[in-house]
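Residue-level structural notes
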Amino acid sequence: MPPRISPLQISAFTATSAVGVGKEPLAEALEHSRSGLRANDFGDAPLPTWIGRVDGLEDIRLPEALASWDCRNNRLAWLGLHADGFPEAVAAARARYGPSRIALILGTSTSSIGETELAYTQLDADGLFPMDQRRAAVHTPHSLAMFVQQVLGLTGPSETISTACSSSAKVFASAERLIRLGLADAAVVGGVDTLCGSVLFGFNSLELVSSEPCRPFDASRKGISLGEAAGFALVERVQDDAAAPLRLLGYGEASDAYHMSTPHPEGLGAERALDEALARAGLAPEAIDYINMHGTASQKNDEVEGALVARRFPARTHASSTKGFMGHTLGAAGIVESVISLLAIERGLMPGTVNTNQLDAGFGPQIRLAPAHGEVRYALTNSFGFGGNNCSLVFGKANA
(Lines give C-alpha, C1' and ligand atoms only; values in the text may rest on other atoms or scores of the structure.)
Protein backbone atom coordinates (compact mmCIF):
# COMPACT_ATOMS: atom_id res chain seq x y z
CA MET A 1 0.00 0.00 0.00
CA PRO A 2 1.18 3.56 -0.68
CA PRO A 3 2.35 5.82 2.17
CA ARG A 4 0.24 8.57 3.66
CA ILE A 5 0.19 11.84 1.70
CA SER A 6 0.26 15.43 2.90
CA PRO A 7 -3.31 16.77 2.76
CA LEU A 8 -4.25 19.45 0.27
CA GLN A 9 -6.81 22.13 0.98
CA ILE A 10 -9.95 22.56 -1.09
CA SER A 11 -10.09 26.35 -1.39
CA ALA A 12 -13.23 26.58 -3.56
CA PHE A 13 -15.67 24.19 -5.21
CA THR A 14 -18.87 24.25 -7.21
CA ALA A 15 -21.17 22.02 -9.25
CA THR A 16 -23.96 22.56 -11.78
CA SER A 17 -26.35 19.81 -12.79
CA ALA A 18 -30.00 19.07 -13.48
CA VAL A 19 -30.91 20.21 -9.95
CA GLY A 20 -29.51 23.71 -10.50
CA VAL A 21 -26.52 26.00 -10.85
CA GLY A 22 -24.10 26.01 -7.93
CA LYS A 23 -23.95 24.53 -4.45
CA GLU A 24 -27.13 25.96 -2.92
CA PRO A 25 -29.63 24.31 -5.31
CA LEU A 26 -27.64 21.09 -4.99
CA ALA A 27 -27.71 21.17 -1.20
CA GLU A 28 -31.44 21.96 -1.24
CA ALA A 29 -32.15 19.02 -3.53
CA LEU A 30 -30.08 16.68 -1.35
CA GLU A 31 -31.80 17.97 1.81
CA HIS A 32 -35.30 17.37 0.43
CA SER A 33 -34.60 14.33 -1.77
CA ARG A 34 -35.68 16.26 -4.87
CA SER A 35 -34.69 14.58 -8.12
CA GLY A 36 -33.88 16.62 -11.21
CA LEU A 37 -34.58 13.80 -13.66
CA ARG A 38 -37.14 14.31 -16.43
CA ALA A 39 -38.60 12.33 -19.31
CA ASN A 40 -36.11 12.48 -22.16
CA ASP A 41 -36.65 15.50 -24.37
CA PHE A 42 -33.18 15.66 -25.92
CA GLY A 43 -32.68 15.37 -29.67
CA ASP A 44 -34.97 14.97 -32.65
CA ALA A 45 -35.90 11.37 -31.84
CA PRO A 46 -35.74 11.03 -28.05
CA LEU A 47 -35.20 7.59 -26.60
CA PRO A 48 -37.85 6.48 -24.09
CA THR A 49 -35.74 7.11 -21.02
CA TRP A 50 -35.17 9.70 -18.28
CA ILE A 51 -32.35 12.24 -18.24
CA GLY A 52 -30.71 14.85 -16.05
CA ARG A 53 -30.75 17.88 -18.35
CA VAL A 54 -29.38 21.32 -17.42
CA ASP A 55 -31.87 24.02 -18.33
CA GLY A 56 -30.93 26.99 -20.48
CA LEU A 57 -27.80 25.76 -22.24
CA GLU A 58 -29.34 26.41 -25.64
CA ASP A 59 -29.73 30.10 -24.79
CA ILE A 60 -26.21 30.75 -23.49
CA ARG A 61 -24.01 32.90 -25.70
CA LEU A 62 -20.29 32.95 -25.05
CA PRO A 63 -18.52 36.33 -25.12
CA GLU A 64 -17.38 37.41 -28.58
CA ALA A 65 -13.73 36.69 -27.77
CA LEU A 66 -14.66 33.08 -26.99
CA ALA A 67 -17.28 32.56 -29.70
CA SER A 68 -15.10 30.14 -31.68
CA TRP A 69 -15.32 27.69 -28.74
CA ASP A 70 -19.10 27.49 -28.86
CA CYS A 71 -20.65 24.06 -28.27
CA ARG A 72 -22.95 22.55 -25.67
CA ASN A 73 -20.10 21.22 -23.54
CA ASN A 74 -18.22 24.52 -23.38
CA ARG A 75 -21.44 26.41 -22.67
CA LEU A 76 -22.02 24.17 -19.66
CA ALA A 77 -18.40 24.69 -18.60
CA TRP A 78 -18.94 28.46 -18.83
CA LEU A 79 -22.15 28.26 -16.78
CA GLY A 80 -20.57 26.04 -14.14
CA LEU A 81 -17.39 28.07 -13.83
CA HIS A 82 -19.26 31.23 -12.90
CA ALA A 83 -21.07 29.84 -9.86
CA ASP A 84 -20.14 30.18 -6.19
CA GLY A 85 -17.46 32.82 -6.74
CA PHE A 86 -15.19 30.30 -8.40
CA PRO A 87 -13.54 32.69 -10.91
CA GLU A 88 -12.66 35.06 -8.08
CA ALA A 89 -11.06 32.25 -6.08
CA VAL A 90 -8.96 31.25 -9.10
CA ALA A 91 -8.01 34.88 -9.74
CA ALA A 92 -6.74 35.18 -6.17
CA ALA A 93 -4.68 32.02 -6.59
CA ARG A 94 -3.37 33.28 -9.92
CA ALA A 95 -2.23 36.50 -8.25
CA ARG A 96 -0.62 34.49 -5.45
CA TYR A 97 1.27 31.94 -7.53
CA GLY A 98 1.30 33.24 -11.10
CA PRO A 99 -0.69 31.71 -13.99
CA SER A 100 2.09 29.30 -14.97
CA ARG A 101 2.11 27.67 -11.52
CA ILE A 102 -1.54 26.63 -11.53
CA ALA A 103 -2.31 23.33 -13.23
CA LEU A 104 -5.60 22.58 -14.94
CA ILE A 105 -6.81 18.99 -14.89
CA LEU A 106 -10.25 18.19 -16.25
CA GLY A 107 -12.13 14.97 -16.80
CA THR A 108 -14.58 14.34 -19.60
CA SER A 109 -15.97 11.35 -21.40
CA THR A 110 -17.17 12.88 -24.66
CA SER A 111 -15.95 16.50 -24.49
CA SER A 112 -17.46 18.41 -27.42
CA ILE A 113 -18.38 15.41 -29.58
CA GLY A 114 -21.96 16.66 -29.71
CA GLU A 115 -20.76 19.54 -31.87
CA THR A 116 -18.87 17.11 -34.10
CA GLU A 117 -22.03 15.04 -34.49
CA LEU A 118 -23.82 18.21 -35.60
CA ALA A 119 -21.04 19.07 -38.06
CA TYR A 120 -21.37 15.67 -39.74
CA THR A 121 -25.03 16.37 -40.44
CA GLN A 122 -24.01 19.55 -42.28
CA LEU A 123 -21.41 18.22 -44.71
CA ASP A 124 -21.21 20.11 -48.00
CA ALA A 125 -21.18 18.60 -51.50
CA ASP A 126 -17.48 17.75 -51.13
CA GLY A 127 -18.00 15.99 -47.83
CA LEU A 128 -16.42 18.82 -45.82
CA PHE A 129 -17.61 20.52 -42.65
CA PRO A 130 -19.35 23.86 -43.29
CA MET A 131 -17.13 26.89 -42.77
CA ASP A 132 -18.51 27.73 -39.32
CA GLN A 133 -17.68 24.20 -38.14
CA ARG A 134 -14.07 24.21 -39.29
CA ARG A 135 -12.86 24.78 -35.75
CA ALA A 136 -10.24 22.12 -35.16
CA ALA A 137 -9.77 22.95 -31.48
CA VAL A 138 -13.44 22.29 -30.78
CA HIS A 139 -13.47 18.90 -32.50
CA THR A 140 -10.88 17.38 -30.16
CA PRO A 141 -11.09 15.59 -26.79
CA HIS A 142 -8.95 18.40 -25.30
CA SER A 143 -11.43 21.13 -26.27
CA LEU A 144 -12.77 21.48 -22.73
CA ALA A 145 -9.38 22.00 -21.08
CA MET A 146 -8.18 24.45 -23.74
CA PHE A 147 -11.39 26.45 -23.38
CA VAL A 148 -11.29 26.58 -19.57
CA GLN A 149 -7.59 27.44 -19.57
CA GLN A 150 -8.34 30.48 -21.73
CA VAL A 151 -11.34 31.50 -19.62
CA LEU A 152 -9.36 31.35 -16.36
CA GLY A 153 -6.15 32.81 -17.77
CA LEU A 154 -3.98 29.87 -16.74
CA THR A 155 -0.76 28.79 -18.44
CA GLY A 156 0.45 25.93 -16.26
CA PRO A 157 0.33 22.19 -17.00
CA SER A 158 -2.96 21.16 -18.57
CA GLU A 159 -4.40 17.64 -18.72
CA THR A 160 -7.53 16.03 -20.04
CA ILE A 161 -8.37 12.76 -18.32
CA SER A 162 -10.81 10.48 -20.12
CA THR A 163 -11.23 7.21 -18.24
CA ALA A 164 -15.00 6.96 -18.59
CA CYS A 165 -16.91 7.43 -15.35
CA SER A 166 -13.81 7.86 -13.16
CA SER A 167 -12.43 10.74 -15.26
CA SER A 168 -13.14 13.67 -12.96
CA ALA A 169 -12.35 11.73 -9.79
CA LYS A 170 -8.86 10.93 -11.03
CA VAL A 171 -8.18 14.65 -11.52
CA PHE A 172 -7.57 14.95 -7.77
CA ALA A 173 -4.92 12.23 -7.91
CA SER A 174 -3.14 13.95 -10.78
CA ALA A 175 -3.29 17.29 -8.97
CA GLU A 176 -1.71 15.82 -5.84
CA ARG A 177 1.17 14.39 -7.83
CA LEU A 178 1.85 17.62 -9.74
CA ILE A 179 1.84 19.67 -6.53
CA ARG A 180 3.93 17.14 -4.56
CA LEU A 181 6.52 16.98 -7.34
CA GLY A 182 6.83 20.76 -7.46
CA LEU A 183 5.41 21.12 -10.96
CA ALA A 184 2.55 23.29 -9.71
CA ASP A 185 1.59 25.18 -6.56
CA ALA A 186 -2.15 24.76 -7.06
CA ALA A 187 -4.55 23.10 -9.45
CA VAL A 188 -8.00 23.73 -10.85
CA VAL A 189 -9.63 20.32 -11.17
CA GLY A 190 -13.03 19.32 -12.44
CA GLY A 191 -15.03 17.85 -15.25
CA VAL A 192 -17.80 18.55 -17.73
CA ASP A 193 -19.92 16.23 -19.84
CA THR A 194 -23.07 17.00 -21.79
CA LEU A 195 -25.81 14.96 -23.34
CA CYS A 196 -25.35 13.99 -26.97
CA GLY A 197 -26.41 11.29 -29.41
CA SER A 198 -23.27 9.22 -28.91
CA VAL A 199 -23.94 9.00 -25.19
CA LEU A 200 -27.67 8.30 -25.27
CA PHE A 201 -27.71 5.86 -28.17
CA GLY A 202 -24.36 4.35 -27.23
CA PHE A 203 -25.44 3.39 -23.72
CA ASN A 204 -28.79 2.27 -25.06
CA SER A 205 -27.02 -0.10 -27.45
CA LEU A 206 -25.29 -1.63 -24.44
CA GLU A 207 -28.74 -2.24 -22.92
CA LEU A 208 -27.80 -0.18 -19.85
CA VAL A 209 -30.39 2.61 -20.10
CA SER A 210 -33.55 2.48 -18.02
CA SER A 211 -36.98 3.42 -19.37
CA GLU A 212 -37.82 4.97 -15.98
CA PRO A 213 -35.92 7.12 -13.45
CA CYS A 214 -32.92 5.15 -12.23
CA ARG A 215 -33.28 3.34 -8.89
CA PRO A 216 -29.82 2.62 -7.48
CA PHE A 217 -29.54 -0.57 -5.41
CA ASP A 218 -33.26 -1.26 -5.80
CA ALA A 219 -34.27 -4.90 -6.00
CA SER A 220 -36.05 -4.08 -9.29
CA ARG A 221 -33.49 -1.67 -10.76
CA LYS A 222 -33.56 -1.50 -14.55
CA GLY A 223 -30.51 0.54 -15.53
CA ILE A 224 -29.06 4.01 -15.63
CA SER A 225 -30.42 7.48 -16.29
CA LEU A 226 -27.94 9.67 -18.16
CA GLY A 227 -27.27 13.28 -17.26
CA GLU A 228 -25.01 16.25 -17.82
CA ALA A 229 -23.07 18.33 -15.33
CA ALA A 230 -20.08 20.56 -14.68
CA GLY A 231 -18.01 20.80 -11.52
CA PHE A 232 -14.76 22.43 -10.43
CA ALA A 233 -12.52 22.68 -7.39
CA LEU A 234 -9.40 24.66 -6.50
CA VAL A 235 -6.79 22.51 -4.78
CA GLU A 236 -3.61 23.86 -3.19
CA ARG A 237 -1.11 23.32 -0.41
CA VAL A 238 -2.52 23.96 3.05
CA GLN A 239 -2.52 27.71 3.73
CA ASP A 240 -5.12 28.46 6.39
CA ASP A 241 -7.28 26.00 8.35
CA ALA A 242 -9.88 28.64 9.14
CA ALA A 243 -10.22 29.95 5.58
CA ALA A 244 -10.25 26.53 3.89
CA PRO A 245 -11.23 23.80 6.38
CA LEU A 246 -11.82 21.06 3.79
CA ARG A 247 -9.09 18.66 2.75
CA LEU A 248 -8.23 16.09 0.12
CA LEU A 249 -6.78 13.33 2.28
CA GLY A 250 -6.34 10.35 -0.01
CA TYR A 251 -6.96 8.80 -3.39
CA GLY A 252 -6.73 5.34 -4.88
CA GLU A 253 -6.64 4.28 -8.51
CA ALA A 254 -6.83 0.85 -10.09
CA SER A 255 -7.44 -0.64 -13.52
CA ASP A 256 -8.53 -4.27 -13.43
CA ALA A 257 -9.32 -4.36 -17.19
CA TYR A 258 -11.69 -7.25 -16.54
CA HIS A 259 -14.22 -6.34 -19.24
CA MET A 260 -15.03 -3.41 -21.51
CA SER A 261 -18.21 -2.44 -19.64
CA THR A 262 -18.68 -4.88 -16.74
CA PRO A 263 -16.86 -4.65 -13.38
CA HIS A 264 -14.80 -7.51 -12.00
CA PRO A 265 -17.35 -9.85 -10.34
CA GLU A 266 -15.48 -9.74 -7.03
CA GLY A 267 -14.74 -6.02 -7.25
CA LEU A 268 -10.98 -6.53 -7.14
CA GLY A 269 -10.10 -3.26 -8.89
CA ALA A 270 -12.67 -1.29 -6.91
CA GLU A 271 -11.36 -2.70 -3.62
CA ARG A 272 -7.78 -1.94 -4.60
CA ALA A 273 -8.73 1.71 -5.24
CA LEU A 274 -10.54 1.83 -1.90
CA ASP A 275 -7.57 0.36 -0.01
CA GLU A 276 -5.13 2.81 -1.61
CA ALA A 277 -7.36 5.80 -0.80
CA LEU A 278 -7.65 4.80 2.84
CA ALA A 279 -3.89 4.13 3.06
CA ARG A 280 -2.98 7.54 1.63
CA ALA A 281 -5.42 9.14 4.08
CA GLY A 282 -4.07 7.11 7.00
CA LEU A 283 -7.56 5.94 7.93
CA ALA A 284 -9.34 2.68 8.66
CA PRO A 285 -12.77 1.97 7.11
CA GLU A 286 -14.38 2.59 10.51
CA ALA A 287 -13.37 6.26 10.35
CA ILE A 288 -15.52 6.99 7.30
CA ASP A 289 -18.82 8.66 8.18
CA TYR A 290 -20.34 9.02 4.71
CA ILE A 291 -19.82 7.13 1.44
CA ASN A 292 -20.98 8.53 -1.86
CA MET A 293 -21.31 5.32 -3.84
CA HIS A 294 -20.93 5.06 -7.60
CA GLY A 295 -24.36 3.40 -7.62
CA THR A 296 -25.46 3.67 -11.24
CA ALA A 297 -28.52 1.39 -10.91
CA SER A 298 -27.09 -1.07 -13.41
CA GLN A 299 -27.38 -4.68 -12.32
CA LYS A 300 -23.70 -5.60 -12.09
CA ASN A 301 -22.24 -2.30 -10.89
CA ASP A 302 -24.60 -2.07 -7.94
CA GLU A 303 -24.15 -5.74 -7.12
CA VAL A 304 -20.36 -5.48 -6.94
CA GLU A 305 -20.19 -2.15 -5.11
CA GLY A 306 -22.96 -3.04 -2.69
CA ALA A 307 -21.09 -6.20 -1.68
CA LEU A 308 -17.83 -4.25 -1.30
CA VAL A 309 -19.35 -1.67 1.04
CA ALA A 310 -21.18 -4.36 3.03
CA ARG A 311 -18.03 -6.34 3.75
CA ARG A 312 -15.66 -3.44 4.44
CA PHE A 313 -17.66 -0.89 6.47
CA PRO A 314 -19.58 -1.02 9.76
CA ALA A 315 -23.37 -0.94 9.75
CA ARG A 316 -23.42 2.62 11.18
CA THR A 317 -21.73 4.07 8.06
CA HIS A 318 -24.16 6.15 6.00
CA ALA A 319 -23.83 5.30 2.31
CA SER A 320 -25.94 6.39 -0.64
CA SER A 321 -25.98 6.86 -4.39
CA THR A 322 -26.83 10.33 -5.69
CA LYS A 323 -27.28 9.29 -9.34
CA GLY A 324 -31.05 9.58 -8.88
CA PHE A 325 -30.72 13.35 -8.38
CA MET A 326 -29.01 14.29 -11.65
CA GLY A 327 -28.44 11.02 -13.50
CA HIS A 328 -25.13 9.47 -14.36
CA THR A 329 -23.10 12.41 -15.64
CA LEU A 330 -20.28 10.18 -16.95
CA GLY A 331 -17.00 12.11 -17.09
CA ALA A 332 -18.42 14.74 -14.71
CA ALA A 333 -19.71 12.24 -12.15
CA GLY A 334 -16.50 12.14 -10.13
CA ILE A 335 -16.32 15.89 -9.54
CA VAL A 336 -20.05 16.34 -8.89
CA GLU A 337 -20.01 13.55 -6.31
CA SER A 338 -16.83 14.98 -4.79
CA VAL A 339 -18.70 18.27 -4.36
CA ILE A 340 -21.56 16.35 -2.71
CA SER A 341 -19.05 14.70 -0.37
CA LEU A 342 -17.53 18.09 0.50
CA LEU A 343 -21.01 19.48 1.17
CA ALA A 344 -21.67 16.51 3.46
CA ILE A 345 -18.59 17.43 5.52
CA GLU A 346 -19.24 21.17 5.43
CA ARG A 347 -22.93 21.01 6.34
CA GLY A 348 -23.36 17.70 8.13
CA LEU A 349 -25.81 16.57 5.45
CA MET A 350 -25.69 12.95 4.31
CA PRO A 351 -27.93 12.46 1.25
CA GLY A 352 -30.29 9.58 0.74
CA THR A 353 -30.88 7.47 -2.38
CA VAL A 354 -33.82 8.93 -4.30
CA ASN A 355 -36.25 6.93 -6.47
CA THR A 356 -35.26 3.66 -4.78
CA ASN A 357 -38.16 1.88 -3.10
CA GLN A 358 -36.91 -1.52 -1.92
CA LEU A 359 -33.24 -2.27 -1.42
CA ASP A 360 -31.96 -5.47 -2.91
CA ALA A 361 -31.79 -8.05 -0.14
CA GLY A 362 -28.15 -8.73 -0.93
CA PHE A 363 -26.99 -5.28 0.20
CA GLY A 364 -25.98 -4.23 3.69
CA PRO A 365 -27.48 -1.73 6.15
CA GLN A 366 -25.00 0.96 5.12
CA ILE A 367 -27.10 2.02 2.11
CA ARG A 368 -29.71 4.55 3.21
CA LEU A 369 -32.74 5.80 1.34
CA ALA A 370 -33.43 8.89 3.46
CA PRO A 371 -31.06 11.81 4.13
CA ALA A 372 -29.62 12.27 7.59
CA HIS A 373 -27.84 14.96 9.58
CA GLY A 374 -24.79 14.60 11.80
CA GLU A 375 -21.11 15.35 11.95
CA VAL A 376 -19.18 14.10 8.93
CA ARG A 377 -15.47 14.12 9.63
CA TYR A 378 -14.45 11.93 6.71
CA ALA A 379 -16.23 11.16 3.45
CA LEU A 380 -15.37 8.63 0.76
CA THR A 381 -16.54 8.81 -2.84
CA ASN A 382 -16.28 6.00 -5.39
CA SER A 383 -16.11 6.34 -9.18
CA PHE A 384 -15.92 3.10 -11.14
CA GLY A 385 -15.67 3.35 -14.92
CA PHE A 386 -15.68 1.18 -18.01
CA GLY A 387 -12.64 -1.00 -18.55
CA GLY A 388 -12.15 -1.30 -14.80
CA ASN A 389 -10.94 2.30 -14.40
CA ASN A 390 -11.61 2.73 -10.70
CA CYS A 391 -10.98 5.66 -8.37
CA SER A 392 -11.79 6.33 -4.72
CA LEU A 393 -11.25 9.64 -2.92
CA VAL A 394 -11.20 10.54 0.78
CA PHE A 395 -12.06 14.06 1.94
CA GLY A 396 -12.05 15.36 5.49
CA LYS A 397 -12.16 18.27 7.90
CA ALA A 398 -8.96 20.13 8.66
CA ASN A 399 -9.39 19.59 12.41
CA ALA A 400 -10.70 16.03 12.27
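These numbers come from a predicted model, not from an experiment. (Residues numbered from 1 in each chain as written. Predicted model: local features only at pLDDT ≥ 70, side-chain atom pairs only at ≥ 80, totals over all residues. Heavy atoms only, no water.)

**Describing the pattern of salt bridges**
Close approach of charged atoms lets side chains of opposite charge pair. Tallying each qualifying case throughout the model produces 33 salt bridges. Measuring nitrogen to oxygen at the nearest pair gives 2.8 Å for the salt bridge that ties Glu253 to Lys170. One end of the pair, Glu253, is in strand S10 (residues 246-255); the other, Lys170, is in helix H6 (residues 167-180), with 83 residues separating them in the sequence. Across the pair Arg347 and Glu346 runs a salt bridge, and its minimum N-O distance is 3.4 Å. With relative accessibility at 35%, the residue Arg347 sits in the partly exposed group. Using a relative accessible area of 41% as the deciding quantity, one classes Glu346 as partly exposed. Here the salt bridges share partners, and the residues they tie into one network are Arg38, Asp41, Arg53, Asp55, Glu58, Arg72 and Glu228. (Salt bridge = Lys/Arg side-chain N within 4 Å of Asp/Glu carboxyl O. Helix = DSSP H or I, 4+ residues; strand = E, 2+ residues; numbered from the N terminus. Buried < 20%, exposed > 50% of the residue type's maximum accessible area, 1.4 Å probe, protein only.)

**Regarding the layout of surface pockets**
In this structure, the largest pocket spans a volume of roughly 590 Å³. If you go around the largest pocket, you meet 26 residues; those closest to its centre are Phe42, Arg72, Gly114, Leu118 and Leu195. When contributions to the lining of the largest pocket are tallied by element, the ones reaching two or more residues are helix H2 (72-81), helix H4 (113-120) and helix H7 (197-205). The leading source of residues in the lining of the largest pocket is H4, at four residues. Partitioning the lining of the largest pocket into residue classes produces 11 nonpolar, eight polar and seven charged. (1 Å grid on protein atoms, 1.4 Å probe; cavity = no way out; pocket = protein on both sides within 12 Å on 5 of 7 lines; lining within 4 Å. Points joined across faces, edges and corners; volume = space filled by probe spheres on them. Nonpolar A, V, L, I, M, F, W, Y, C, P; charged D, E, K, R; others polar.)

**Description of the packing of helix H1 (residues 23-32) against helix H11 (residues 333-347)**
Interhelical geometry of H1 versus H11 gives an angle of 75 degrees and a closest axis separation of 11 Å. Looking at the two axes, H1 sits roughly perpendicular to H11. In contact with Lys23, Glu24, Leu26, Ala27 and Leu30 of H1, H11 contributes Val339, Ile340, Leu343 and Arg347. (Axes fitted to C-alpha atoms, helices over the stretch in contact; angles between N-to-C directions. Parallel < 35°, antiparallel > 145°, perpendicular 65-115°, else oblique. Contact = heavy atoms within 4.5 Å.)

**Brief notes about the environment of Trp69**
Along the chain, the position of Trp69 falls in the loop between strand S4 (50-52) and H2. Overall, the relative accessible area of 9% leaves Trp69 in the buried class. Sequence separation between Trp69 and Ser112 is 43 residues; the distance between their C-alpha atoms is 9.6 Å. Within the structure, Trp69 has its side chain in polar contact with the side chain of Gln150 (distance 3.0 Å). (Polar contact = N/O pair within 3.5 Å; in protein donor to acceptor, adjacent residues only side chain to side chain.)

**Description of the sheet that holds S4**
Paired through backbone hydrogen bonds, the strands of a sheet run either parallel or antiparallel to each other. As summarised here, the arrangement of the three strands in space is S3-S4-S8, forming an open sheet in which the pairing is mixed. Strands at the two margins of the open sheet, each flanked by one partner only, are strand S3 (38-39) and strand S8 (226-227). Sheet topology places S4 next to S8; two bridges connect them, and they run parallel. The residue bridging Ile51 from the neighbouring strand is Leu226, located in S8. (Pairing = 2+ DSSP bridges.)

**Considerations on the packing of H2 against helix H5 (residues 143-152)**
Interhelical geometry of H2 versus H5 gives an angle of 40 degrees and a closest axis separation of 10 Å. One finds that H2 runs oblique with respect to H5. Viewed along their axes, H2 and H5 form a crossing whose handedness is right-handed. Across the interface between the two elements, Asn73, Asn74, Ala77, Trp78 and Leu81 from H2 touch Ser143, Leu144, Phe147, Val148, Val151 and Leu152 from H5. (Left-handed = near helix turned anticlockwise from the far one by under 90°.)

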